[in-house]
Amino acid sequence: MNRAISINGVPMDLGQGRRGVDMGPGAIRYAGLNARLAGLGFDVNDKGNLDVPVPEEQQSAITGGTKYLSEVSTVNRELADRTAQTLQEGAIPITLGGDHSIAAGSIVGVRRQERVGVLWIDAHGDFNTPESSPSGNLHGMPLAALLGREPQVMAPWEGSERLRPQEVVLVGIRSLDRDERRALVEYGPKVYTMRDVDELGIAEVTRRALCHFSRLGLPRLHVSLDLDVLDPSIAPGVGTPVPGGLSYREAHLLMEILSDDERVGSLDVVEINPILDVRNGTAELAVELVASLLGQSII
């Protein structure tokens, strides 16, 4: 694995319906991410945060059924540029959110440089459109935008940068809106729900996902990790908690198997809300999971 890492924080909560996830990058840094990665032998370059407008500064929030679409799209274009530049420099890009709308920028930036499969680890499908979303919140739409659904402007892809459904695997899903569920079935990305995790075990689910990417001949993988995939009993500080998520050991085993595979070359860590957290425990758990993904092992 490349030993250089570049970190970009995106203090975005424009895509959320609840304030607080804009403080996620600071919480993760405070939990010791940079030192933990340096301790694993990485050369860490923290580039700070992108400039993100705050809701109180915006005059018009709702456009065409979405909230803050113009503002989120502008940030994602800059994030895509930064992410692509990081890969050109030969480093692993880690993006700290902020809400999950930022993945529409980071993933496009990665795909400008290389063809990657995307492992979307989340309690939610994030496959809504402005027409199907009950809330109009953009953090529920980034995967849809990446696959060419509306709002396309949210994901600044051109041509081959656009994801294909078969290049995405979702893991940990347990909360879908009605029309979102229908669209996921229609478009056909692989989806492993929490029932699949319960029946098969997280190790088998992870290996099936990796085998799927291997059959497609994908040499590199991007992990988009939403901390609400975890059960709220161990990760209370998230933007949209849903009961019945991954346990502590299931989450670590998922990361450890991905680390063994050696194809993960980029990462998002999103939806940490310190306002709802207990003593920054969710951010500390996020740091542990990133460390497991990037090579920390028991022996």
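Residues numbered from 1 in each chain as written. Predicted model: local features only at pLDDT ≥ 70, side-chain atom pairs only at ≥ 80, totals over all residues. Heavy atoms only, no water.

Caption draft 1: Molecular detail of the environment of serine 175. Relative to the elements of secondary structure, serine 175 occurs in the loop between β7 (168–173) and α6 (178–187). What makes serine 175 partly exposed here is its relative accessible area of 26%. With 111 residues separating them along the chain, serine 175 and alanine 286 place their C-alpha atoms 21 Å apart. Excluding its chain neighbours within four sequence positions, the residues that come into contact with serine 175 are Ala123, His124, Gly125, Glu180 and Val242. (Helix = DSSP H or I, 4+ residues; strand = E, 2+ residues; numbered from the N terminus. Buried < 20%, exposed > 50% of the residue type's maximum accessible area, 1.4 Å probe, protein only. Contact = heavy atoms within 4.5 Å.)

Caption draft 2: Looking closely at a nonpolar patch on the surface. A contiguous nonpolar surface patch, about 260 Å² in accessible area, is contributed by Met23, Ile275 and Leu276. When you line up the elements, leucine 276 lands in the loop between β10 (264–270) and α10 (281–293). (Patch = residues over 30% accessible without salt bridge, like charges linked within 9 Å, V, L, I, M, F, W, Y side chains within 5 Å. Areas by Shrake-Rupley, 256 points an atom, 1.4 Å probe, with all protein chains shown as cover. Salt bridge = Lys/Arg side-chain N within 4 Å of Asp/Glu carboxyl O.)

Caption draft 3: Representation of helix α3 (residues 69–88) in the model. The end-to-end C-alpha separation of α3 is 28 Å, in line with the 28 Å expected for 20 residues at 1.5 Å each. Every buried residue of α3 is listed here: Leu69, Glu71, Val72, Ser73, Val75, Asn76, Leu79, Ala80, Thr83, Ala84, Thr86 and Leu87. Immediately beyond the C-terminal end of α3, within one or two residues, lies glycine 90, with a positive phi of roughly 85 degrees. (Expected span 1.5 Å × (residues − 1).)

Caption draft 4: The arrangement of the pairing of strand β6 (residues 116–121) in detail. Summarising burial for β6: six of the six residues are buried, a large majority. The sheet contact formed by β6 and strand β9 (residues 220–226) spans six bridges and is parallel. Looking across to β9, one finds that valine 116 is bridged to arginine 220. Bridge count between β6 and β7: four bridges; the pairing is parallel. By the bridge assignment, isoleucine 121 is partnered in β7 with valine 171. (Pairing = 2+ DSSP bridges.)

Caption draft 5: Local environment of the packing of helix α9 (residues 248–261) against α10. The N-to-C vectors of α9 and α10 enclose an angle of 30 degrees; their axes lie 7 Å apart at closest approach. Considering their axes alone, α9 and α10 lie roughly parallel with respect to each other. Of the residues in α10, those in contact with Tyr248, Ala251, His252, Met255, Glu256, Leu258 and Ser259 of α9 are Leu285, Glu288, Leu289, Ser292 and Leu293. Residues belonging to the contact of α9 with α10 are distributed by class as follows: seven nonpolar, three polar and two charged. (Axes fitted to C-alpha atoms, helices over the stretch in contact; angles between N-to-C directions. Parallel < 35°, antiparallel > 145°, perpendicular 65-115°, else oblique. Nonpolar A, V, L, I, M, F, W, Y, C, P; charged D, E, K, R; others polar.)

Caption draft 6: Here's a closer look at the environment of asparagine 49. Topologically, asparagine 49 is positioned in strand β2 (residues 43–49). Among the residues examined, asparagine 49 registers a relative accessible area of 37% and is labelled partly exposed. Distance from asparagine 49 to glycine 9, taken between C-alpha atoms, is 4.2 Å for residues 40 residues apart in sequence. Side chain to side chain, asparagine 49 and arginine 29 meet in a polar contact 2.7 Å long. (Polar contact = N/O pair within 3.5 Å; in protein donor to acceptor, adjacent residues only side chain to side chain.)

Caption draft 7: Representation of the packing of aromatic side chains. With the rule as written, the count across this model stands at one aromatic pair. Judged by centre distance (5.5 Å) and plane angle (80 degrees), the rings of phenylalanine 127 and tyrosine 187 are edge-to-face. Here phenylalanine 127, found in the loop between β6 and α5 (142–146), pairs with tyrosine 187, found in helix α6; they are 60 residues apart in sequence, far enough to count as distant. The aromatic ring of phenylalanine 42 is capped on one face by arginine 3, whose charged end is 4.0 Å from the ring centroid. (Phe/Tyr/Trp six-rings, centres within 6.5 Å; stacked < 30°, edge-to-face > 60°. Lys NZ or Arg CZ within 6 Å of the ring centre and 35° of its normal.)

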